Amino acid sequence: AAVEAAGLGELRDAGPAEGACPGDPACPWPLPQVTAPPQLDLAVIRLDAAGRAVEAADVIVDPSAPRGQAVRLDANLAATGVRFRRWSAERRDAPASAPFTDADDLSPSHGRGLDFMAPYPASLFKLLVAFHVEKRIAEGALWAGEIVAEAWAPPGEFGQFQAPEARPLEEWVERMITESDNRATKAVLRHLHAHGEVARLDADLARLGLDTLRVEGTSPVDGGRWAPGEIQATAMDVARLLWLVAGGPGVLWRTPGGVAVTRGDLPEAARQRLQALLADQAMHEVLSTGSRCGAAPPGIPALVPVRFLDPASGVEQAAGQDWGRDVRPCNAAAEVRFLHKTGLTWNFAADAGLVEPLPGRPWRRYVVALLTAAGTRFVDPEWAAAARHPCDQGEACVSQRLARLGAAIDAWAVRAAAWDARRR
């Protein structure tokens, strides 16, 4: 119901060329309504205080299911009845021109069912990288303090040469997650390639039964080349990965081969480190909106990390930008910690994490994962005739309908938790 109410089919499309529209005289004006709602994959796992799954849901949206379709989940919370396919911009724009083949499958384990092209996870894929690095550090296969160097550095502000940076591995990982730093991510991936760990990353996730989570096609030379259709994720597999990061008693789920996945599959040191990193993520601009406090409707009412706030103005300063809004009013009204990672590009948006209540606030605990092709090219109807993109005017860069979706999920979780308490 929340997905349907979000009304993604009402969005306006600024076109595939980033930055060309609005502004280019050739742009259709005002921006046209989308011909079909952008693809969306949304998963939620509601948890009890111990970390057991109480209930779960997965909903997809695509041209064949424009109002949203609930995905069947088996006893292990694996999506069934859906055949997840690699992303292809060409097939999205002209689906009849190139029928799917077996080579388009993200995972053979999901079998037959409704074809669904999984949206590119954008910077959310950095969560997969951090999960692997922290796990391997805790296992003793990687060293947190090892000095890792970039292959090369981009030119400076005025085109001048910059020497490549070298930092301890965990410092790169911290920057990769908390500020979504792309240079840090390249350095980490280059290091993983050099140690034969990228193939192991994919294999280890598959062993956990999360075989739609894959980091493929990246460059061993510099850690770059992040391509839609090669770096892959689906919402329920991301949600289950985060459930493992949250921890819980007993068997969390079983793999298709029947192997039990438990809290012990992630060392406690790695769990604590990942939770700390995700709690410190700066960008709250998709399902939660505190970074743009006042410029977007409240989403998940999450606390923005104080470490990134200017003490005088309350403005968030992170990821190389000044967000331009006093965050303190939204932090004062915050009800939860959102241990999460976002991703945002012209064509894609993603946000996934663990939501936990702040002291004295209404109780709820859940994991949420959103992956959608509703990137910043898609704007809300009220901006259809604007001369500039809302992001260029200090407003929210992504559709505010995603924030409303986040708020609806959170409100549902509060009601459900209260209902559970009354029944007890």
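Since we're looking at a predicted model, the values are computed, not measured. (Residues numbered from 1 in each chain as written. Predicted model: local features only at pLDDT ≥ 70, side-chain atom pairs only at ≥ 80, totals over all residues. Heavy atoms only, no water.)

## So, the overall build of the chain
Stage number 1. For the chain, the count of helices and strands is 10 helices and 20 strands.
Stage number 2. Since a compact globule built from 424 residues should have a radius of gyration of about 22 Å, the 21 Å found for the chain is in line with a globular shape.
Stage number 3. The principal-axis extents of the C-alpha atoms in the chain amount to approximately 55 × 55 × 55 Å.
Stage number 4. Long-range pairs, those at least 24 residues apart, make up 65% of the contacts in the chain between residues at least 6 apart in sequence.
Stage number 5. Carbon and sulfur atoms provide 54% of the accessible area of the chain, an area that totals close to 17,100 Å².
Stage number 6. For the chain, the separation between the mean place of its 45 positive charges and that of its 53 negative charges on side chains is 5 Å. (Helix = DSSP H or I, 4+ residues; strand = E, 2+ residues; numbered from the N terminus. Rg over C-alpha atoms; globule rule 2.2 N^0.38 Å. Contact = heavy atoms within 4.5 Å. Areas by Shrake-Rupley, 256 points an atom, 1.4 Å probe, with all protein chains shown as cover. Lys, Arg positive; Asp, Glu negative; His and termini not counted. Charge placed at Lys NZ, Arg CZ, Asp CG, Glu CD.)

## Description of the layout of surface pockets
Stage number 1. Taken as a whole, the largest pocket spans an internal volume of roughly 570 Å³.
Stage number 2. As for the largest pocket, its lining consists of 26 residues, of which A36, Q39, P63, R92 and D93 are closest to the centre.
Stage number 3. Contributions of two or more residues to the lining of the largest pocket are made by α2 (89-93) and β8 (114-117).
Stage number 4. Along the lines of polarity and charge, the residues of the lining of the largest pocket split into 15 nonpolar, four polar and seven charged.
Stage number 5. Here the second largest pocket is characterised by a volume of approximately 480 Å³.
Stage number 6. Forming the boundary of the second largest pocket are 27 residues, of which E285, Q321, L344, T345 and T376 lie nearest the centre.
Stage number 7. Elements represented by at least two residues in the lining of the second largest pocket include exactly β16 (321-326) and β17 (336-344).
Stage number 8. In terms of residue count, the dominant contributor to the lining of the second largest pocket is β17 (four residues). (1 Å grid on protein atoms, 1.4 Å probe; cavity = no way out; pocket = protein on both sides within 12 Å on 5 of 7 lines; lining within 4 Å. Points joined across faces, edges and corners; volume = space filled by probe spheres on them. Nonpolar A, V, L, I, M, F, W, Y, C, P; charged D, E, K, R; others polar.)

## Some remarks on the state of the cysteines
Stage number 1. This structure, assessed with the given rule, holds three disulfides.
Stage number 2. In this model, C293 is linked to C330 through a disulfide, with the two sulfur atoms separated by 2.0 Å. On the sign convention where negative is left-handed, the bridge of C293 and C330, at about 90° about the S-S bond, is right-handed. Separated by 37 residues along the polypeptide, C293 in the loop between α8 (268-279) and β15 (315-318) and C330 in helix α9 (residues 328-333) bring together distant segments of the chain.
Stage number 3. Residue class for C293 comes out buried when judged on its relative accessible area of 9%.
Stage number 4. For C330, a relative accessible area of 26% puts it in the partly exposed group. (Disulfide = S-S within 2.5 Å. Buried < 20%, exposed > 50% of the residue type's maximum accessible area, 1.4 Å probe, protein only.)

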